[in-house]
Amino acid sequence: MYKEAKFWDKIAKKYARQPIGDDEAYQKKLEKTREYLTSETEVFELGCGTGSTALLHAPYVKHIHATDISSAMIAIAQGKAKDQGVGNVTFETVVLDDVQVADGSKDVVLGHSIFHLLKNREEALAHIYRMLKPGGVLISSTPCVGETMGYLKFISPLARWLGFFPFLRFFNIEDLKKNIANTGFNVEYEWRVGKTMVLFVVARKPG
């Protein structure tokens, strides 16, 4: 995990300067997410990066606990929050296994562009399921890199060893949907973003 954190620390400033690749799709995701937010909503975000999404959602919720493994990313996020005067987002550098969140305490968990970077996607989903309240939702936008970019399987190990790539796990959209369902969630909304390999999904914990 240290190697992965080191990779993201290295590119954090460049990452923060990059514009949104598809702003129209991003705005649609924000709008859909806000259908599940209220002034009393407690949110947890896994893999928050430099905090842009958390800060955009902050006015609509009670509190967001946003986490990332990269201390450099979190430092940038904290700087943004201070500059914007946002006080209801807590940013933390931590891996999911070490997160101190009580079971059944969160209304919404956000996990954007993260599941393809985890070695233990199934365990992460189970952890998220536990921290959600009955009736709570997981909202995720995930590049399913096995869908159309299988060639990366052959080059990513070397690229990762050279420090050019993070760890990547290859799966397709149906694999991810099966993982989510097997965890116990009910998928109530899904959208494949255009012709891309990205799946945006809202999955609810029964209750």
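Now for a look at the structure at hand.

What counts as what
Residues numbered from 1 in each chain as written. Predicted model: local features only at pLDDT ≥ 70, side-chain atom pairs only at ≥ 80, totals over all residues. Heavy atoms only, no water. Buried < 20%, exposed > 50% of the residue type's maximum accessible area, 1.4 Å probe, protein only. Helix = DSSP H or I, 4+ residues; strand = E, 2+ residues; numbered from the N terminus. Pairing = 2+ DSSP bridges. Right-handed = clockwise from strand over helix to strand, strands pointing away. Lys, Arg positive; Asp, Glu negative; His and termini not counted. Salt bridge = Lys/Arg side-chain N within 4 Å of Asp/Glu carboxyl O. Contact = heavy atoms within 4.5 Å. Axes fitted to C-alpha atoms, helices over the stretch in contact; angles between N-to-C directions. Parallel < 35°, antiparallel > 145°, perpendicular 65-115°, else oblique. Left-handed = near helix turned anticlockwise from the far one by under 90°. Nonpolar A, V, L, I, M, F, W, Y, C, P; charged D, E, K, R; others polar. Phe/Tyr/Trp six-rings, centres within 6.5 Å; stacked < 30°, edge-to-face > 60°. Lys NZ or Arg CZ within 6 Å of the ring centre and 35° of its normal.

All right, on to the pairing of strand β2 (residues 63-68) then. On any regular strand, side chains alternate: one points to one face of the sheet, the next to the other face. Taking burial as the measure, the six residues of β2 include five buried ones, the bulk of the element. Here strand β1 (residues 42-46) pairs with β2 via five bridges, running parallel. Opposite Glu42, over in β2, you have His63 as the bridge partner. Handedness of the β1-helix α3 (residues 52-57)-β2 crossover: right-handed. Note that β2 and strand β3 (residues 89-93) share five bridges and pair parallel. Opposite Asp68, over in β3, you have Thr93 as the bridge partner. Tracing the backbone out of β2, into helix α4 (residues 71-84) and back to the parallel element β3 gives a crossover that is right-handed.

The next thing to look at is the side chain of Glu45. One can find Glu45 in strand β1. Although Glu45 lies buried, it forms no salt bridge, and the closest oppositely charged side chain, Lys80, sits 10 Å away as judged by the N-O distance. Ignoring anything within four residues of it in the chain, the contact list for Glu45 reads Thr53, Ala54, His65, Ala66, Thr67 and Leu110.

Inspection of the secondary structure puts Trp191 in strand β6 (residues 186-192). With a relative accessible area of 17%, Trp191 lands in the buried category. Between the alpha carbons of Trp191 and Val202 there is a distance of 9.2 Å; along the sequence they are 11 residues apart. If sequence neighbours within four positions are ignored, Trp191 has contacts with Ala25, Lys28, Lys29, Val198, Leu199 and Phe200.

This part takes up the packing of helix α5 (residues 121-131) against helix α7 (residues 173-183). Two elements in contact, α5 and α7, have axes whose closest approach is 9 Å; the angle formed by their N-to-C orientations is 40°. The angle between α5 and α7 falls in the class oblique. For the pair α5 and α7, the crossing hand works out as right-handed. On α7, the residues that touch Arg121, Glu122, Leu125, Ala126 and Tyr129 of α5 are Leu176, Asn179, Ile180 and Thr183. Across the contact of α5 with α7, the residue classes break down as five nonpolar, two polar and two charged.

One pass over the full model with this rule turns up four aromatic pairs. Ring centres 4.9 Å apart and planes at 85° place the aromatic pair Phe7 and Trp8 in the edge-to-face group. The burial state of Phe7 is the same as that of Trp8; both residues are buried. Their ring planes at 85° and their centres at 6.4 Å tell us that Trp8 and Tyr15 sit as a pair that is edge-to-face. The structure contains a cluster of three or more aromatic residues connected by ring pairs, namely Phe7, Trp8 and Tyr15. When the ring centre of Trp191 is taken as reference, the NZ or CZ atom of Lys28 above it lies at 3.9 Å. The ring of Tyr189 carries the charged tip of Lys32 above its face, separated from the ring centre by 4.2 Å.

The mixed open sheet is built from seven strands, whose spatial order is β3-β2-β1-β4-β5-β7-β6. Every interior strand has two partners, whereas the edge strands, β3 and β6, have only one. Strand-to-strand twist of the sheet, defined as the mean angle between neighbouring strand axes without regard to direction, takes the value 15°. Helix-sheet contacts for helix α2 (residues 23-34) involve β4 (106-112), β5 (132-143), β6 and β7 (198-204), and the interaxial angle to β6 is about 160°. Contacting β1, β4 and β5, α5 runs over the sheet at an angle of about 145° to β5.

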